[in-house]
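In case you want the letters, here they are:
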Amino acid sequence: MQSPSHKQYALLIISISSPLLVGVYEDQKLIKTISSEQKTSEILLPLILECLNEYDISQIIYTRGPGSYMAIKLTYVMLKTIEIICGIKCAGCSGFALNGGKPIKAIGNLYFIKEKETIITKKFEQSISMKFTLPQSIHDLELDEESTPEYVLPAV
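Heads up: these notes are all about the structure in this document. (Residues numbered from 1 in each chain as written. Predicted model: local features only at pLDDT ≥ 70, side-chain atom pairs only at ≥ 80, totals over all residues. Heavy atoms only, no water.)

Turning our attention to the state of the cysteines. Tallying each qualifying case throughout the model produces zero disulfides. For cysteine 51, which is in no disulfide, the shortest distance to another cysteine sulfur is to cysteine 86 and amounts to 13 Å. Look at cysteine 51 and you get buried, because its relative accessible area is 1%. Free of any disulfide, cysteine 90 has its nearest cysteine sulfur in cysteine 93, 11 Å distant. (Disulfide = S-S within 2.5 Å. Buried < 20%, exposed > 50% of the residue type's maximum accessible area, 1.4 Å probe, protein only.)

Here we come to the packing of helix H1 (residues 40–54) against helix H2 (residues 69–86). Where H1 contacts H2, the two axes come as close as 10 Å, and the packing angle between them is 30°. Classified by the interaxial angle, the pair formed by H1 and H2 is roughly parallel. As H1 packs across H2, the resulting crossing turns out to be right-handed. Contacts between H1 and H2 involve Thr40, Ser41, Leu44, Leu45, Ile48 and Leu52 from the former and Ala71, Leu74, Thr75, Met78, Leu79 and Ile82 from the latter. (Axes fitted to C-alpha atoms, helices over the stretch in contact; angles between N-to-C directions. Helix = DSSP H or I, 4+ residues; strand = E, 2+ residues; numbered from the N terminus. Parallel < 35°, antiparallel > 145°, perpendicular 65-115°, else oblique. Left-handed = near helix turned anticlockwise from the far one by under 90°. Contact = heavy atoms within 4.5 Å.)

Okay, the sheet that holds strand S7 (residues 110–115) next. The sheet built from three strands is open, its strands ordered S6-S7-S8 with antiparallel pairing. Unpaired on one side and paired on the other, strand S6 (104–107) and strand S8 (118–123) mark the two borders of the sheet. Strand-to-strand twist in this sheet, taken as the mean axis angle between neighbours without regard to direction, amounts to 40°. As defined by bridge partners, S6 adjoins S7 across three bridges and the pair is classed as antiparallel. Bridge pairing links isoleucine 104 to phenylalanine 112 in S7. (Pairing = 2+ DSSP bridges.)

On to the sheet that holds strand S5 (residues 89–93). Reading across the sheet, the five strands line up as S3-S2-S1-S4-S5 and stay open at both edges, with mixed pairing between neighbours. The sheet terminates laterally at strand S3 (29–36) and S5, the two strands that pair on one side only. The sheet shows a mean angle of 20° between the axes of neighbouring strands, direction not considered. Sheet topology note: the strand S1 (residues 9–14)/strand S4 (residues 57–63) ladder contains five bridges and is parallel. Across the sheet, leucine 11 pairs through a bridge with isoleucine 60, a residue of S4.

Listed below in structure tokens is the structure:
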């Protein structure tokens, strides 16, 4: 049993769209938000390392899809490497859990939408605004049993 004074820290990373968002959570409550318009490949690792140096992170959660495949792949590889080297548990969640279940940009005018438990692509003539938000608490955030990327490839 842990002592009452020991705080639990977690990171939540939303890298499937721009801006990239990183939330630092203390005992499951959001205490710090980091936002960047830079490419995931350029900024994510420095942001994670900064957080690891500042906080005793015990878990990292990321949006495993759907969304930008390159960002999902990069994020997953970085987090699995950190999990193996540092022993910090990596978990995934759906992007739909962090945008109110709204459509997520796929390619061109195709968007991912969730119908019941199935993710499909749908064409929208008008561009749809995508806004992802870091929840104030991750207590009720539904984590996927699988932490590997969720690739939903649209029909070409």
